[in-house]
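Spelled out from the first residue to the last, the chains are:
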Amino acid sequence: QVQLVESGGGLVQPGGSLRLSCAASGFTFSMNYMRWYRQAPGKEREWVALISNTGGSTNYADSVKGRFTISRDNAKNTVYLQMNSLKPEDTAVYYCNVVVQYANYWGLGTQVTVSS
């Protein structure tokens, strides 16, 4: 079955950096686009970034463009989210997402807290 396991979250000061990882299994990773989403307290889940199956194409929400970088390693079945210049408004639970055969799959998420 499809499994997504996020890691790398934590507490960081404003202006700091974190690198999130999402280890995937149960599907052909190299054939699927991967996405990161986030959900802040009291808000709806929002899309953050997308990467194509080969990694050759990426797209970002305006709120993170220029600060976050999505990448993937198809040999390791892992997708990453490098987050730089973090702001308090980036505080959220970050989720990895994949659509396989028209079904949406999510990990359990990893908490990112940006605070001084």
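What you see is a predicted model; the values in this text were computed from it and never measured.

**Q** Please explain the pairing of strand 8 (residues 78-83) as it appears in this structure.
**A** On a regular strand, each side chain points to the face opposite its neighbour's, so the side chains alternate between the two faces of the sheet. For strand 8, the buried fraction is high: five of the six residues fall into the buried class. Pairing of strand 3 (residues 18-25) with strand 8, which is carried by six bridges, proceeds in the antiparallel orientation. Each residue of the ladder has a partner; that of L18, found in strand 8, is M83. Relative to strand 8, strand 7 (residues 68-73) runs antiparallel, the two being bridged by six bridges. Bridging from a neighbouring strand, R72 pairs with V79 of strand 8.

**Q** Could you clarify how one ought to interpret the pairing of strand 7 in this entry?
**A** Residues F68, I70 and R72 line the buried face of strand 7, whereas the alternating positions T69, S71 and D73 sit on a face that is not buried. Where strand 7 hands over to strand 8, the hairpin turn is made up of four residues, of which N77 adopts a positive phi near 50°.

**Q** Can you help me understand the nonpolar core in this one?
**A** Within the largest apolar cluster, 31 residues are counted, with the highest numbers of intra-cluster contacts made by F27, M34, W36, V79, L81, M83 and Y94. Elements supplying a minimum of two residues to this core: strand 3, strand 4 (34-39), strand 5 (46-51), strand 7, strand 8, strand 9 (92-100) and strand 11 (110-114). Beyond its immediate sequence surroundings of up to four residues, M34 is in contact with L4, F27, F29, A49, L50, I51, I70, R72, V79, C96, N97 and V98.

**Q** Looking at this model, I keep getting lost on the sheet that holds strand 8. Mind explaining?
**A** Think of a sheet as strands paired side by side through backbone hydrogen bonds, with each pair either parallel or antiparallel. Spatially, four strands are ordered 1-3-8-7 in an open sheet, and the strand pairing comes out antiparallel. The open sheet is flanked by strand 1 (3-7) and strand 7, the only strands paired with a single partner. On average, adjacent strands in this sheet sit at an angle of 15° to one another, irrespective of strand direction. The pairing of strand 1 with strand 3 spans five bridges and is classified as antiparallel. Residue S7 lies in a different strand from strand 3, and its bridge partner there is S21.

Reading the values: the criteria
- Residues numbered from 1 in each chain as written.
- Predicted model: local features only at pLDDT ≥ 70, side-chain atom pairs only at ≥ 80, totals over all residues.
- Heavy atoms only, no water.
- Buried < 20%, exposed > 50% of the residue type's maximum accessible area, 1.4 Å probe, protein only.
- Helix = DSSP H or I, 4+ residues; strand = E, 2+ residues; numbered from the N terminus.
- Pairing = 2+ DSSP bridges.
- Core = buried A, V, L, I, M, F, W, Y, C linked by side-chain atoms within 4.5 Å.
- Contact = heavy atoms within 4.5 Å.
- Axes fitted to C-alpha atoms, helices over the stretch in contact; angles between N-to-C directions.

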